[in-house]
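Secondary and tertiary structure notes
Spelled out from the first residue to the last, the chains are:
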Amino acid sequence: MTTMTATRLKRWLSVLLVVYVIASCAVQLQDSAGGLVRWSGFSVLVPVTAAALLPMRRSLIIGVSTLAASVATYGFAIHGVSAGGRTVVITAVALSFALSLVVCRVRPLLLNTPVAATRNRSGAPDPADGQAGRVPEAPYAVPAPPARMVSALPGALPQPAVVELAGHYRTGSGRLGTRAQWLDAIPLSGARVGLVAGAVAGPDADATASELRAAVRTLADVDLQPDELLTHLADVLARLRPDVRPSPDTETRGSSAGTVSAQCLYAVYDPASCRCTLAGAGSPPPTVITPDGTVTSLDLPQGPPLGQTDLPFESTEIDLPEGSLLLLHTHTGGTGAQDSGNEALLSALARPQPCLDAICQSAVKSLLHAPHAQVAVLAVRTHALDTRTVATWDLPADPAAVSYARAHIAEKLASWGLTDAAPTTELIVSELVTNAIRHAQPPIQLRLIDHAGSLVCEVADGSSTSPHLRRARTFDENGRGLFIVAQLAERWGTRHSHHGKTIWAEHSHAPDRTTAAV
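Residues numbered from 1 in each chain as written. Predicted model: local features only at pLDDT ≥ 70, side-chain atom pairs only at ≥ 80, totals over all residues. Heavy atoms only, no water.

With that settled, consider the overall build of the chain. The helix and strand inventory of the chain stands at 13 helices and 17 strands. Across the 518 residues of the chain, 46% fall into the buried class. When contacts within the chain are restricted to residue pairs at least 6 apart in sequence, long-range pairs at least 24 apart make up 68% of them. When the accessible surface of the chain is split by element, carbon and sulfur atoms take 58% of a total near 25200 Å². (Helix = DSSP H or I, 4+ residues; strand = E, 2+ residues; numbered from the N terminus. Buried < 20%, exposed > 50% of the residue type's maximum accessible area, 1.4 Å probe, protein only. Contact = heavy atoms within 4.5 Å. Areas by Shrake-Rupley, 256 points an atom, 1.4 Å probe, with all protein chains shown as cover.)

By secondary structure assignment, the location of Gly500 is in strand E17 (residues 500-508). Overall, Gly500 belongs to the buried group, its relative accessible area being 6%. Sequence spacing of Gly500 and Ile444 is 56 residues, and the spatial spacing of their C-alpha atoms is 9.9 Å. Once residues lying within four places of it in the same chain are set aside, the contact partners of Gly500 are Asp461, Gly462 and Ser463.

Once that is clear, we can look at helix H5 (residues 205-221). Between its first and last C-alpha atoms H5 spans 24 Å; for 17 residues at 1.5 Å apiece the expected length is 24 Å, and the two agree. Every buried residue of H5 is listed here: Ala205, Ala207, Thr208, Ala209, Ser210, Leu212, Arg213, Ala215, Val216, Leu219 and Ala220. One or two positions beyond H5, positive phi appears at Asp223, with a value near 65°. (Expected span 1.5 Å × (residues − 1).)

A few words now on the nonpolar core. Among the nonpolar cores identified, the biggest contains 31 residues, and Leu195, Cys276, Leu278 and Leu326 are the most heavily contacted of them. At the level of elements, strand E2 (163-171), strand E3 (179-187), strand E4 (193-201), strand E5 (261-270), strand E6 (275-281), strand E11 (325-331) and strand E12 (374-382) are the ones that each hand at least two residues to this core. Once residues within four sequence positions are removed from consideration, Leu195 is found in contact with Leu165, Asp184, Ala185, Leu265, Tyr266, Ala267, Leu326, Leu328 and Val380. Counting residues in each nonpolar core, the second largest holds 29 residues, with Trp182, Leu188, Val216 and Ala279 among its members. (Core = buried A, V, L, I, M, F, W, Y, C linked by side-chain atoms within 4.5 Å.)

With that settled, the discussion passes to unusual backbone geometry. Note on backbone geometry: most residues besides glycine have negative phi, and most peptide bonds are trans. Of note, the bond from Pro442 into Pro443 is cis; its omega dihedral lies within 30 degrees of zero at 5°. Here Pro443 shows up in the loop between helix H11 (422-439) and strand E14 (444-451). In this structure, Asp204 is a non-glycine residue whose phi angle is positive, near 55°. Along the chain, Asp204 turns up in the loop between E4 and H5. For Asp204, a relative accessible area of 30% puts it in the partly exposed group. Despite not being glycine, Cys274 has its phi angle at roughly 55°, a positive value.

What follows deals with the pattern of salt bridges. All chains considered together, the criterion is met by twelve salt bridges. Across the pair Asp184 and Arg213 runs a salt bridge whose closest N-O atoms are separated by 3.1 Å. Of the two residues, Asp184 sits in strand E3 while Arg213 sits in helix H5, which places them 29 residues apart along the sequence. Residue Asp184 is classed as buried on the basis of its relative accessible area, which comes to 1%. Owing to a relative accessible area of 3%, Arg213 belongs among the buried residues under this scheme. Salt-bridge contacts for Arg491 lead to Glu506; the nearest nitrogen and oxygen are separated by 2.8 Å. With Arg491 in strand E16 (residues 491-497) and Glu506 in strand E17, this residue pair connects regions lying 15 residues apart in the sequence. Classification of Glu506 by relative accessible area gives buried; the value is 15%. (Salt bridge = Lys/Arg side-chain N within 4 Å of Asp/Glu carboxyl O.)

With that out of the way, let us pick up the packing of helix H10 (residues 401-416) against H11. Two elements in contact, H10 and H11, have axes separated by 9 Å at closest approach and are oriented at 150°. Our classification of the angle between H10 and H11 gives roughly antiparallel. In this structure, H10 crosses over H11, and the sense of that crossing is right-handed. Listed contacts from H11 to Ala401, Val402, Ala405, Arg406, Ile409, Ala410 and Leu413 of H10 are Ala422, Thr425, Glu426, Leu427, Val429, Ser430, Val433, Thr434 and Ile437. Partitioned by chemical class, the residues of the contact of H10 with H11 number eleven nonpolar, three polar and two charged. (Axes fitted to C-alpha atoms, helices over the stretch in contact; angles between N-to-C directions. Parallel < 35°, antiparallel > 145°, perpendicular 65-115°, else oblique. Left-handed = near helix turned anticlockwise from the far one by under 90°. Nonpolar A, V, L, I, M, F, W, Y, C, P; charged D, E, K, R; others polar.)

A word on the sheet that holds strand E13 (residues 390-395). Across the sheet, which stays open at both edges, the five strands sit in the order E13-E14-E15-E17-E16 with antiparallel pairing between neighbours. Looking at strand neighbours, the two that pair on one side only are E13 and E16, the edges of this open sheet. Along the sheet, successive strands turn relative to each other by an average axial angle of 15°, direction set aside. Relative to strand E15 (residues 454-461), E14 runs antiparallel, the two being bridged by seven bridges. Each residue of the ladder has a partner; that of Gln445, found in E15, is Ala460. Its contacts with the sheet place H11 against E13, E14, E15 and E17, and it is angled at close to 15° to E15. (Pairing = 2+ DSSP bridges.)

Moving on, we get to the pairing of E12. With eight of its nine residues buried, E12 lies for the most part within the structure. Sheet topology note: the E11/E12 ladder contains seven bridges and is antiparallel. Residue pairing across strands places His329 opposite Val377, the latter belonging to E12.

In a regular helix each residue adds 1.5 Å, so twelve residues correspond to 16 Å; helix H9 (residues 356-367) covers 16 Å between its end C-alpha atoms and thus fits that length. Within H9, ten of the twelve residues are buried, which leaves the element mostly enclosed by the surrounding structure. Buried within H9 are the following residues: Leu356, Asp357, Ala358, Ile359, Cys360, Ser362, Ala363, Val364, Ser366 and Leu367.

Attention now moves to the environment of Gly41. Mapped onto the elements, Gly41 comes out in the loop between helix H1 (2-33) and helix H2 (45-53). Taking the C-alpha atoms as reference, Gly41 lies 10.0 Å from Ser24; in sequence the two are 17 residues apart.

Before going further, it helps to examine the confidence of the model for the chain. Scored by pLDDT, the chain comes out at a mean of 78, with 76% of its residues at no less than 70. Confidence over residues 513-518 falls short of pLDDT 50; this stretch has one contact with residues more than four positions distant or in other chains. (pLDDT = per-residue confidence, 0-100.)

With that out of the way, let us pick up the packing of H2 against helix H3 (residues 56-77). Here H2 crosses H3 at 175°, and the two axes come no closer than 8 Å. As the angle between them shows, H2 and H3 are arranged roughly antiparallel. Where H2 abuts H3, its residues Val46, Pro47, Ala50 and Ala51 lie against Ser59, Ile62, Gly63 and Thr66. Looking at the contact of H2 with H3 residue by residue, the class counts come to five nonpolar, three polar and no charged.

Printed below as a string of structure tokens:
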């Protein structure tokens with residue numbers, strides 16, 4: 001909403017400045033017809049005002065128009081003006097136009113100073129307050145920078161502990177208000193992280209990108225699979241921009257110039273299994289660099305841009321060993337530019353780079369070919385959770401498995417030095433395993449994750465039926481287990497997969513005093 005309001009204000013300001021120049025010339029011509037030669041000194045403020053408040057293209061148009069109108073009016077249309085007076089007027093407007101060029105050049109440097117993306121370095125000490133797992137909030141949207149400027153993303157790009165992130169974007173000399181990109185990293189349940197690279201082209205692209213980014217974060221919080229998330233995101237875009245979905249008339253006449261086009265690539269990385277699930281809608285295929293230096297472009301099923309079809313999207317699951325680098329990027333320079341850019345990208349990534357920032361910059365330079373193209377690159381280096389933070393057990397569909405699960409949990413927490421958290425964790429696991437045995441079907445798997453000061457209990461089964469939280473009545477024999485879990489856990493939820501579902505519950509813990517002292 002704020003972006004749309006700012007766009008409208010800039011549009012009205014442009015109209016007001018143009019109207020003022022036209023009205024000033026008309027008044028001067030009318031006065032000169034009566035023998036009075038008068039000049040409005042406020043005309044010199046028009047180019048500078050436009051350069052300070054409007055985009056570069058509009059400010060240049062208004063500056064050139066003001067200079068041309070002043071030369072035409074005092075140089076040719078108005079007679080009886082002395083040579084000195086004519087020289088003063090035209091020189092003043094020319095100097096104002098020159099000053100506006102300086103303002104246009106300096107303003108982007110002041111508003112878009114490159115800020116190096118913060119990287120999560122291995123071995124860095126934890127913050128003093130113990131909140132190392134807390135993820136800072138990301139910027140609301142990634143605005144388009146000035147023409148031909150390379151810049152890092154704003155410094156608030158989230159940095160989950162399971163990955164290292166760096167992002168850069170670059171724009172050509174096209175219309176900035178019609179294209180926008182956004183990159184994001186979303187913390188998910190089970191220490192997983194969602195990775196997003198999206199782009200929008202069309203009217204009000206900045207506002208549409210902000211709305212789609214918020215929609216992706218909301219849908220990701222529901223733990224949807226990447227293909228399902230893109231399907232819902234396409235519906236969101238169709239409701240926000242009804243002109244996105246093509247009609248039979250537009251199919252026969254071709255796409256309209258005012259149609260919004262959106263692309264998005266969504267990936268979910270699980271550090272416990274080192275697997276990544278990806279799905280794309282009109283976006284270029286991602287690139288993977290394995291720890292041994294091999295560079296490959298993923299053969300991802302590429303769906304059409306968001307809102308262009310009613311067919312479901314497809315997802316792909318790949319293995320990403322620890323230390324792999326996943327590169328997501330957007331490109332709005334056309335299909336041919338994308339094909340040639342992918343070849344140049346593979347060649348650029350084959351050369352060793354010292355850090356993620358250098359990899360991003362090299363990727364951006366290799367992708368940007370057309371003068372009106374825009375590119376955004378998100379580089380992700382993966383980490384894995386080891387046996388010191390993850391434990392997994394396969395359980396039989398037998399009520400006796402509940403006691404086995406409790407014993408496994410108590411033993412594992414004791415080895416981790418978290419015996420104080422054992423009573424709460426055992427109770428949560430007992431209720432989740434009992435529900436899986438009674439109401440679901442095998443295979444049943446229990447997983448315990450110690451991550452960022454929290455314990456995550458996950459129970460996976462082969463059923464797709466979702467549990468329902470309700471308050472049991474006085475004489476009900478069932479219905480209290482999930483209610484107990486909700487009261488003990490700080491967060492809980494359900495996520496579905498192609499093989500069943502997983503119910504998870506997360507609660508914080510504090511290390512044992514004796515273990516911490518040792």
